[in-house]
Amino acid sequence: MIKSIINLMRKSPDIQGESDEEILRKRLDPARIPRHVAIIMDGNGRWASSRGMPRAYGHRAGVESLRDIVQISSDIGVDVLTVYAFSTENWKRPREEIDVLMDLLVEYLNKEIDELKEKNVKVKAIGKIDELPEKTRNAVAVAHKKTQNCNGLKLNIALNYGGRAEIVDAVREIAIKVEKKLIIPQNIDQELIARHLYTSGQPDPDLLIRPSGDYRISNFLLWQLAYTEFWHTDVMWPDFRKTHFLEAMLDFQNRKRRFGGLSK
Ligand code: IPE
Ligand code: IPE
Ligand code: MG
């Protein structure tokens, strides 16, 4: 579909010599860029296996996609980008794979943080950060500190993240406040719960992208996804590039969101 749009546009004399990315970007309505995009970065293992390579090779390749998608999100003016990097269930994987993932994260943060700062990207890790290995916690803390005054794209890296665990954490915090008489149960409402989630103060995702052909949420942002639009592709995460992201943006801009009401 997207290829046919690009080919059609290429027939126009004023777009000679432009890249696919430039062509797609021109079609975006700058007034309707999603404020918050969430991505389940999936398919690294299958991508590697299909090339006869170990899973770690796919995870490493996936970092390149992350780099590209952070850049394009920042360029087109997305406010929040939340990427799912490691779930609370991913501890079920073999020790060596977990180690590779943790090492890659540290490497990504150490390597990229100065450039992220330069691009005004504010990095935040969301999840049960305390349970991560020390080197990962340290890299996260440094990234957080270095970019704390940035006011461009907010990059949430979901790390040891689980939607249910997040809700449990919020309930626990609220219960403690009730116990201390800082909150009365009658005042617990949706806004109060949202304020106790890791994404406190941020808008809910407008768009969720899941590459790699699976149709499930896998415990991602369970509360926040209530009215999020889904976009799905069979492309594996290591092959996911700016043009795929722009394709998702264009598709999103053609949707009618009703939030339970009637369309205007
Ligand atoms: C996503 O790719 C990365 C993480 C879950 C950490 P996978 O490792 O899940 O790759 P597949 O889904 O097995 O191909
Ligand atoms: C979701 O992918 C978690 C991340 C991408 C970090 P999984 O590969 O863990 O999800 P399932 O097991 O296919 O549902
Ligand atoms: Mg997977």
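Because the structure is predicted, anything quoted here is derived from the model rather than measured.

Participant: Hey, could you run me through the overall build of the protein chain in this one?
Facilitator: Scanning the protein chain from N- to C-terminus turns up nine helices and six strands. Computed over its C-alpha atoms, the radius of gyration of the protein chain comes to 20 Å, within 12% of the 18 Å expected for a compact globule of 264 residues. Once the C-alpha set of the protein chain is aligned to its principal axes, its extents read approximately 70 × 50 × 35 Å. Taking all 264 residues of the protein chain together, 46% fall into the buried category. Considering only contacts within the protein chain whose residues lie at least 6 apart along the sequence, 75% involve residues at least 24 apart.

Participant: Just to check I follow, could you spell out the pairing of strand 6 (residues 229–232) for this structure?
Facilitator: Every regular strand shows the same layout, with side chains that alternate between the two sheet faces. Only one face of strand 6 is buried: it carries Glu229 and Trp231, and the other face, with Phe230 and His232, is open. Pairing of strand 5 (residues 207–210) with strand 6 involves four bridges; the strand directions are parallel. The residue of strand 6 that forms the bridge with Ile209 is Trp231.

Participant: What is the right way to look at the site of ligand 1 in this model?
Facilitator: Close contacts around ligand 1 come from 13 residues, with Asp42, Gly45, Arg46, Arg55 and Arg93 the closest. Arg46 is positioned with one of its backbone polar atoms (N or O) 2.7 Å from an oxygen atom of ligand 1. Between ligand 1 and the protein, one listed contact pairs an oxygen atom with a side-chain N or O atom of Arg55 at 2.8 Å. If ligand 1 stood free it would expose 380 Å²; the protein chains cover 87% of that surface. Of all elements in the fold, only helix 3 (44–49), helix 4 (55–76) and helix 5 (95–118) reach the threshold of two or more residues within the shell around ligand 1. Take the shell around ligand 1: its biggest share by element is three residues, from helix 3. Residues of the shell around ligand 1, tallied by class, amount to three nonpolar, five polar and five charged.

Participant: What am I meant to see in the side chain of Thr233 here?
Facilitator: As for its position among the elements, Thr233 is in the loop between strand 6 and helix 9 (242–253). Within polar-contact distance, the side chain of Thr233 engages the backbone nitrogen of Val235 at 3.1 Å.

Participant: For this particular structure, what's the right way to read the site of ligand 2?
Facilitator: Every residue close to ligand 2 is listed here: Ile40, Met41, Asp42, Tyr84, Ala85, Phe86, Asn90, Arg93, Arg210, Arg216 and Ser218. Residue Asn90 places a side-chain N or O atom 2.9 Å away from an oxygen atom belonging to ligand 2. A distance of 3.2 Å is found between an oxygen atom of ligand 2 and a side-chain nitrogen or oxygen belonging to Arg93. Taking 390 Å² as the accessible area of ligand 2 by itself, protein coverage stands at 77%. The element best represented in the shell around ligand 2 is strand 2 (residues 80–87), accounting for three residues. Its residues assigned to classes, the shell around ligand 2 comprises five nonpolar, two polar and four charged.

Participant: Any chance you could explain helix 6 (residues 134–146) here in plain terms?
Facilitator: Note: α-helices contain 3.6 residues per turn, so residues at a spacing of three or four share the same orientation. Here helix 6 contains 13 residues, and its C-alpha end-to-end distance of 18 Å stays within 8% of the 18 Å for a straight helix at 1.5 Å per residue. When we look at burial in helix 6, the residues that qualify are Thr136, Ala139, Val140 and Ala143. What you see down the axis of helix 6 is that its buried residues fit within an arc of 100°, all on one side. What points out from helix 6, more than 90 degrees from its buried face, is the exposed set Glu134 and Lys145. The inward-facing, buried residues of helix 6 contact helix 5, strand 3 (122–126) and strand 4 (154–161).

Participant: Sorry, what's going on with the nonpolar core here?
Facilitator: Soluble globular proteins: nonpolar side chains tend toward being buried together. By size, the foremost hydrophobic cluster in this structure holds 54 residues, and its most contacted members are Ile39 and Phe245. The element best represented in this core is helix 5, accounting for 10 residues. In contact with Phe245, not counting residues within four places along its chain, are Val37, Ile39, Ile69, Ile72, Ser73, Ile76, Val78, Ile209 and Phe240.

Participant: Quick question: what am I supposed to make of the packing of aromatic side chains here?
Facilitator: Given two aromatic rings, their pairing is described by the distance between the two centres and the angle made by the two planes. This model, assessed by the stated rule, comprises eight aromatic pairs. Measuring from ring centre to ring centre gives 5.9 Å for Tyr161 and Phe220, while their planes differ by 90°; the resulting arrangement is edge-to-face. Of this pair, Tyr161 sits in strand 4 while Phe220 sits in the loop between strand 5 and strand 6, and the two are 59 residues apart along the sequence. You'll find Tyr161 and Phe220 in the same group, each marked buried. What links up through ring pairs into an aromatic cluster is the set Tyr84, Tyr161, Tyr198 and Phe220.

Calculation criteria
- Residues numbered from 1 in each chain as written.
- Chains lettered and ligands numbered in written order.
- Predicted model: local features only at pLDDT ≥ 70, side-chain atom pairs only at ≥ 80, totals over all residues.
- Heavy atoms only, no water.
- Helix = DSSP H or I, 4+ residues; strand = E, 2+ residues; numbered from the N terminus.
- Rg over C-alpha atoms; globule rule 2.2 N^0.38 Å.
- Buried < 20%, exposed > 50% of the residue type's maximum accessible area, 1.4 Å probe, protein only.
- Contact = heavy atoms within 4.5 Å.
- Pairing = 2+ DSSP bridges.
- Near = heavy atom within 4 Å.
- Polar contact = N/O pair within 3.5 Å; in protein donor to acceptor, adjacent residues only side chain to side chain.
- Areas by Shrake-Rupley, 256 points an atom, 1.4 Å probe, with all protein chains shown as cover.
- Nonpolar A, V, L, I, M, F, W, Y, C, P; charged D, E, K, R; others polar.
- Expected span 1.5 Å × (residues − 1).
- Arc of directions from axis to C-beta.
- Core = buried A, V, L, I, M, F, W, Y, C linked by side-chain atoms within 4.5 Å.
- Phe/Tyr/Trp six-rings, centres within 6.5 Å; stacked < 30°, edge-to-face > 60°.

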